Amino acid sequence: MGSDSAGPSAKSASLWAMAGSLGTRGLSFVFFMLIARAMSPAELGVMAMALAVSVFADALIDFGLSTQVMRHQTADDPHFFSGVLWLQIALATGSGLIIVALSGLAASWYHEPRLQWALWGVCAASWLNAAGLVPHALLSRRLQHKSIALRNTLATFVGGCIGVAMAHAGQGVLALVVMHVANALTGVLTVWWAARWRPLWAGRWRTYLDAIRPVVGQARHQLGTQLLEAIMVRLDQVLIGAVFGAATLGVYALAVRIFDVLFQVTCGPIASVLLPYLARVAGDVKQFRERFLSVLGNVALLAPPIYVCAALYAGVGVKLVFGGQWEPAIPYLEWALGMGAVQAVGFVHPPAFMAIGKPNMNWWIAVVSSALWALGLLFLPKLAPIFAMLLWVGRSAIGLVLQVVFTRRLIGVRGRDYWQAVRWPLAGAAVVSALAWVTRHGDGLGAGPWLGPVVMLMTSMLLFAAMAWTLSADVRHFASGVFGRWRQAH
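Here the residue index of a chain counts from 1 through its sequence in written order. In keeping with the model being predicted, local features are shown solely for residues with a pLDDT of at least 70 and side-chain atom pairs are shown and tallied solely at 80 or more, while totals for entire chains, interfaces and linings include all residues. Only hydrogens and water are removed before side-chain values are computed, so all heavy atoms of the structure are retained for them.

### A closer look at helix α5 (residues 114–131)
Helix numbering and strand numbering both begin at the N terminus, where a helix is a DSSP run of H or I of at least 4 residues and a strand a DSSP run of E of at least 2. Given a helix with a known number of residues, its expected span is that number minus one, times 1.5 Å. With 18 residues, α5 extends 27 Å from end C-alpha to end C-alpha; this agrees with the ideal 26 Å at 1.5 Å per step. Any two residues having at least one pair of non-hydrogen atoms within 4.5 Å are treated as being in contact. Against α2 (41–62), α4 (78–110), α6 (133–141) and α8 (173–195) lie the buried residues of α5.

Right under this line is the structure:
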């Protein structure tokens, strides 16, 4: 493996990460929409039950070591990278056998026989994903996000085509399971081809373990954070499925899925390059702080207007895109999208803590916010399922407060610094939100229900372009270069 310094620049990697995220999430959303229109909420709920187990298993399989591969000081350390690969495959094999053995009990507990073979399918997909974790981390380490983008897009396309065909053929839950496995299989084949890396096959286990041992401490903190995040992401779905049934879980899961797609499109490209981008200046506190606040300001410019407008138009969108059978998902989606404006700002902090070698901060933040959230979930059986979404919003707000506190202690970012970084973007978000609220009632203006969305979209785009031009020197430089090339051509 070559030197990391010979790879693409951070700006080029970020652009490819954005293109890959948009392509992958866009395709995923289209396929999910086509599949959901052919399915009932109960069928989607069964798959959500299986994925709740899969997310926890995937966190255990990763063991916090993929991050260590990206942060490893030596660019060419075959024993370390190979040791991580074999350990993750061993964990995937062991956890898969346990889940398969207990799948019958889980199906009985949920009163859903289809859950048993759905769990078998997600176990197979988790094993395939485990085989590709190290090559994927190596590509990310080298900032080769073009290869990652092409890999993710191809895997999503292959799995989606199979899933749509089977769903419209009446295969139900089986369509979702086969799509999940096909996606994982295509992904692992393409990531190995792109990484151009081969592990060591010979040698004693002790040699590999000795190579990994120096990073086990930091990996342990990252593992704990990932396990807590898995619980945070899926514990509410486990309880909703057990208490209210698969149909209610399917409605809830649809809202969560739409939120996740939007979050990954808006924040995923930045998150994919943020850790290596910040880690390169981890030794210079001033430069690190400047980079952190710059990213924070850019996120605040983009995310809040998108989420608020999406929340206001969730009702129109769900019925139009997914069909009338999914109308009960609208209240859940409105709350989830409203929370996105908070969570989009908060996601910048965990990579910053890892970049300065303090992953334990993410652990403690997750512990505190998750503990308070879990206490609230104890009352879920006595309340409506929407209460789970309200708790989700509260957990994100608590986590953001703790992140701000720790950021000030570790890198000296004060409340005034936060305000200066986000004040104008948030002001623009408030204007866009007010406009969206007013134009939401376009049918009352005598021009039908589409007047509001059209006016809001066009005006918001103009406002966003004006804000980007005013607040970002990079945008002005890019636009000036495009205009200059156009003048030369004419």
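### Things to note about the packing of helix α13 (residues 314–321) against helix α14 (residues 330–346)
Interhelical geometry of α13 versus α14 gives an angle of 130° and a closest axis separation of 9 Å. What the angle tells us is that α13 and α14 run oblique. As α13 runs across α14, the sense of the crossing is right-handed. For the pair α13 and α14, contact is made by A314, G315, V318 and K319 and by I330, L333, E334 and L337, respectively. Residue type decides the class: Asp, Glu, Lys and Arg count as charged, Ala, Val, Leu, Ile, Met, Phe, Trp, Tyr, Cys and Pro as nonpolar, and the leftover types, Gly among them, as polar. Its residues assigned to classes, the contact of α13 with α14 comprises five nonpolar, one polar and two charged. A fitted line through C-alpha atoms serves as each axis, taken over the contacting stretch for helices, and the angle formed by two N-to-C directions is quoted from 0 to 180°. Between 65 and 115 degrees an angle is taken as roughly perpendicular, under 35 as roughly parallel, over 145 as roughly antiparallel, and anywhere else as oblique. Take the far helix as your reference; a near helix turned counterclockwise from it by less than a right angle gives a left-handed crossing, and one turned clockwise gives a right-handed crossing.

### Observations concerning the pattern of salt bridges
Opposite charge on two side chains makes pairing possible when the charged atoms of those side chains draw close. One speaks of a salt bridge when a side-chain nitrogen belonging to Lys or Arg is within 4 Å of a carboxyl oxygen belonging to Asp or Glu. This structure, assessed with the given rule, holds two salt bridges. A salt bridge links D417 to R414; the nearest nitrogen and oxygen atoms lie 3.4 Å apart.

### Regarding the side chain of S126
Note on placement: S126 falls in helix α5. Think of it in three bands: residues with accessible area under 20% of the maximum for their type are buried, residues over 50% are exposed, and the middle band is partly exposed, with areas taken using a 1.4 Å probe on protein chains only. S126 sits in the buried class, given a relative accessible area of 6%. Each polar contact in these results corresponds to two N or O atoms within 3.5 Å; when the atoms are within protein, one needs to be able to donate a hydrogen and the other to accept it, and residues that are neighboring in sequence are counted only if both atoms are side-chain atoms. Within the local environment of S126, its side chain forms a polar contact with the side chain of D58, the two groups lying 2.8 Å apart. Contact partners of S126, with chain neighbours within four places excluded, come to S54, D58 and I61.

### Regarding the nonpolar core
Among buried residues, those of type Ala, Val, Leu, Ile, Met, Phe, Trp, Tyr and Cys that are joined through side-chain atoms within 4.5 Å constitute a nonpolar core. In terms of nonpolar packing, the biggest core is built from 92 residues, with L254 and F322 touching the most fellow members. The dominant element in this core, judged by the number of residues it contributes, is helix α11 (residues 246–279), at 16 residues. Discounting chain neighbours no more than four positions away, the residues touching L254 are F32, A36, L44, F322, W326 and A329. If you look at the next biggest cluster of nonpolar residues, it comprises 24 residues, including V69, V134, V188 and W192.

### Looking at unusual backbone geometry
Phi angles above zero are rare outside glycine, and H111 is one such case at about 60°. Here H111 is to be found in the loop between α4 and α5.

### Considering the packing of aromatic side chains
In this scheme Phe, Tyr and Trp rings, the latter by its six-membered ring, pair at centre separations within 6.5 Å, and the angle between planes marks the pair as stacked below 30 degrees, edge-to-face above 60, and tilted otherwise. Under the criterion given, the structure shown has seven aromatic pairs. Members of the aromatic cluster, connected to one another through ring pairs, are F29, F32 and F322. A cation sits over an aromatic face here: R257 above F32, 4.5 Å from the ring centre. A cation sits over an aromatic face here: R395 above W373, 4.5 Å from the ring centre. We call a charge positioned over a ring when the NZ of a Lys or the CZ of an Arg lies within 6 Å of the ring centre and within 35 degrees of the ring normal.

### Comments concerning the confidence of the model for the chain
The pLDDT value tells you how sure the predictor is about a given residue, anywhere from 0 up to 100. Taken residue by residue, the chain gives an average pLDDT of 77. The fraction at 70 or more is 76%. Considering only residues more than four positions removed or in separate chains, one finds that residues 1–7, a stretch of pLDDT under 50, has 11 contacts. Below a pLDDT of 50 lies the segment residues 442–447, which in the model reaches seven contacts outside its immediate sequence neighbourhood of four places, other chains included.

### What to know about the environment of F353
Counting through the fold element by element, F353 comes out in helix α15 (residues 349–355). The class of F353 is buried, set by a relative accessible area of 2%. Taking C-alpha positions, F353 is 9.1 Å from L275, a pair spaced 78 residues apart along the chain. In this structure, F353 is in contact with K358, P359, M361, N362, I365, Q403, F406, T407 and L410, ignoring residues within four places of it in sequence.

### Topic: the side chain of D417
Inspection of the secondary structure puts D417 in helix α18 (residues 415–439). By relative accessible area, which is 12% here, D417 ends up buried. Polar contacts involving the side chain of D417 include one to the main-chain amide nitrogen of R414, which spans 2.9 Å. When residues no more than four places from it in sequence are discounted, the contact partners of D417 are L293 and G412.

### Topic: the packing of α6 against α8
Running from N to C, α6 and α8 cross one another at 45°; their axes reach a closest spacing of 9 Å. In terms of orientation, α6 and α8 fall into the oblique class. Where α6 crosses over α8, the handedness of that crossing is left-handed. Here α6 contributes P135, H136 and L139 to the contact with α8, which in turn contributes V191, W192, A194 and A195.

### Section: a nonpolar patch on the surface
A grouping of V368, L372, L375, L378, F379, L383 and I398 is seen on the molecular surface, where their side chains present a nonpolar patch of about 640 Å² in accessible area. Per-element tally for the nonpolar patch: the top contributor is helix α16 (residues 359–377), with three residues. Relative to the assigned elements, L383 resides in the loop between α16 and α17 (386–411). On the basis of relative accessible area, L383 is assigned to the partly exposed category, the value being 38%. Patches were defined on residues exceeding 30% relative accessible area and lacking a salt bridge, with like-charge contacts within 9 Å and nonpolar side-chain contacts (Val, Leu, Ile, Met, Phe, Trp, Tyr) within 5 Å. Only the protein chains shown count as cover for residues, with accessible areas throughout obtained via the Shrake-Rupley method and a probe of 1.4 Å.

### As for helix α12 (residues 285–312)
For α12, with 28 residues, the first-to-last C-alpha span of 40 Å sits near the 40 Å given by 1.5 Å per residue. One axis is fitted to the seven residues ending at the residue and one to the seven starting there. The bend at that residue is the angle between these axes. A bend of about 30° at A300 is the largest found in α12, and the proline P304 appears one to four places after it. The backbone nitrogen of K286 lies 3.3 Å from a side-chain oxygen of the residue at the head of α12, namely D284.

### Quick word on the environment of A36
Looking at the element boundaries, A36 is found in helix α1 (residues 10–37). When its relative accessible area of 4% is taken as the criterion, A36 is described as buried. Beyond its immediate stretch of four places on either side in the chain, A36 contacts L254, F322, Q325 and W326.

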